[in-house]
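Observations on the model geometry
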Amino acid sequence: MKVLVTRPAAQAAEWVGRLRAAGLDADALPLIGIDAPADAAPVDAAWAGLAGQRLVVFVSPNAVERFFARRPPGVDWPAATLAGSPGPGTTRALAALGVPAAQTVAPRADAAQFDSESLWAELSARDWHGRRVTIVRGDGGREWLADTLRAAGAEVSLLSAYRRAPPVFDAAQRRRLADALAAPEAHLWFFSSSEAIDHLARAAPGAAWRAARAIGTHPRIVERAQRLGVGEVRACRPEFDAVVRCIQSFDAPTPP
């Protein structure tokens, strides 16, 4: 059974490597493209004013990587600024780029979900009245955390550090998609984004999904896959060991 990792290309490559090292058959089929922002000036301005922020929330590893790609030479993360992360992948990306663990706020390892709500559970006890907060994201996204912080008195700015786009498949990826549609029982979709499923639906119009199988890393993603018509979808925490266990919980396909 081949696992199709649908994250953006950089994260997909990392996951494929780790899954293969764990003895699983995996390939990347990125369903979200990541492009530079139309205007990088707001990101540069955010770096210039970073020390005046109490909190900078990064919604994903891509938000971290794209924001830090504009870091001025020799600039360290300010000592009085917290970095917010909704999950382990984003936390690892922050650590790799030098943000101290003591200044990173993230959901507990045993949190029910890794999302904005779980991050807020760790932020809610702090005083946010008059505090400046920036949320680094793509072009658009959920407003829940921004609205919640504003309701708590924070001055919240939204910063687009990248643009999400539909995938542009190369020849190998087109064959991979065709193989998955032709033999759904021999493939397992690994979804970590509802938007990725939207892009898949547009990339394969009219496809029959009843025989397809998938895992989703959040209830909203599972629900979206079910609305697409995927016959079997299982929820899974986005931690590597949990993903491996979930993949292994599926029965291997019966040989023809």
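To start, this report covers the structure provided alongside it. Note that the structure is a prediction, hence the values are computed from the model and not measured.

Reading the values: rules and limits
Residues numbered from 1 in each chain as written. Predicted model: local features only at pLDDT ≥ 70, side-chain atom pairs only at ≥ 80, totals over all residues. Heavy atoms only, no water. Helix = DSSP H or I, 4+ residues; strand = E, 2+ residues; numbered from the N terminus. Polar contact = N/O pair within 3.5 Å; in protein donor to acceptor, adjacent residues only side chain to side chain. Contact = heavy atoms within 4.5 Å. Core = buried A, V, L, I, M, F, W, Y, C linked by side-chain atoms within 4.5 Å. Buried < 20%, exposed > 50% of the residue type's maximum accessible area, 1.4 Å probe, protein only. Pairing = 2+ DSSP bridges. Axes fitted to C-alpha atoms, helices over the stretch in contact; angles between N-to-C directions. 1 Å grid on protein atoms, 1.4 Å probe; cavity = no way out; pocket = protein on both sides within 12 Å on 5 of 7 lines; lining within 4 Å. Points joined across faces, edges and corners; volume = space filled by probe spheres on them.

1. A short note on the side chain of Ser-118
Within the secondary structure layout, Ser-118 lies in helix α5 (residues 116-123). For Ser-118, the side chain forms a polar contact with the main-chain oxygen of Gln-113, separated by 2.6 Å. Residue contacts for Ser-118: discarding those within four places in its chain leaves Pro-107, Ala-111 and Gln-113.

2. Brief notes about the nonpolar core
Ranked by size, the top nonpolar core spans 42 residues in total, and within it Phe-58, Phe-67, Phe-68, Trp-77, Trp-189 and Phe-191 carry the most contacts. Those elements giving two or more residues to this core turn out to be α2 (41-48), β4 (55-58), α3 (61-68), α4 (88-96), α7 (171-182), β10 (187-191), α8 (194-203) and α9 (219-228). The residues contacting Phe-67, other than those within four sequence positions of it, are Val-43, Ala-46, Trp-47, Leu-50, Phe-58, Trp-77, Val-136, Leu-159 and Ala-161. In terms of nonpolar packing, the next biggest core, distinct from the first, is built from 20 residues, Phe-190, Val-243, Val-244 and Ile-247 among them.

3. Quick word on the sheet that holds strand β12 (residues 232-235)
Pairing within the open sheet is parallel, and its 5 strands lie in the order β2-β1-β10-β11-β12. Either end of the sheet is taken by a strand with one partner, and the two such strands are β2 (26-28) and β12. Direction aside, neighbouring strands of the sheet carry axes that sit 25 degrees apart on average. Where β10 and strand β11 (residues 213-216) come together, 3 bridges link them in parallel fashion. In the sheet register, Phe-191 faces β11, and the bridge partner there is Gly-216.

4. Quick look at the layout of surface pockets
Summary: where empty space remains is shown by rolling a probe the size of a single water molecule over the atoms. Within this model, the largest pocket holds a volume of roughly 1,300 Å³. What lines the largest pocket is a set of 47 residues, among which Val-59, Ser-60, Pro-86, Ser-192 and Ser-193 lie closest to the centre. Counting only elements with at least two residues in the lining of the largest pocket, the list comes to α1 (9-21), α3, α4, α5, β7 (132-137), α6 (144-151), α8 and α9. Here the lining of the largest pocket takes 5 residues from α4, the largest share from any one element. Approximately 160 Å³ is the volume attributed to the second largest pocket. Around the second largest pocket sit 13 residues that line it, and Pro-30, Ile-32, Gly-33, Pro-167 and Val-168 are the ones nearest its centre.

5. Considerations on α5
Where α5 is concerned, the buried positions are Ser-118, Leu-119, Trp-120 and Leu-123. Among the structural elements, β4, β5 (82-84), β6 (104-105) and α6 are those in contact with the buried residues of α5. For α5, the capping residue at the N-terminal end is Asp-115, with a side-chain oxygen 3.3 Å from the backbone nitrogen of Glu-117.

6. Points about the environment of Leu-177
As for its position among the elements, Leu-177 is in helix α7. On the basis of relative accessible area, Leu-177 is assigned to the buried category, the value being 8%. Ignoring anything within four residues of it in the chain, the contact list for Leu-177 reads Leu-29, Phe-169, Trp-189, Leu-200 and Ala-203.

Such coordinate-based values are descriptive only and should not be taken to indicate function.
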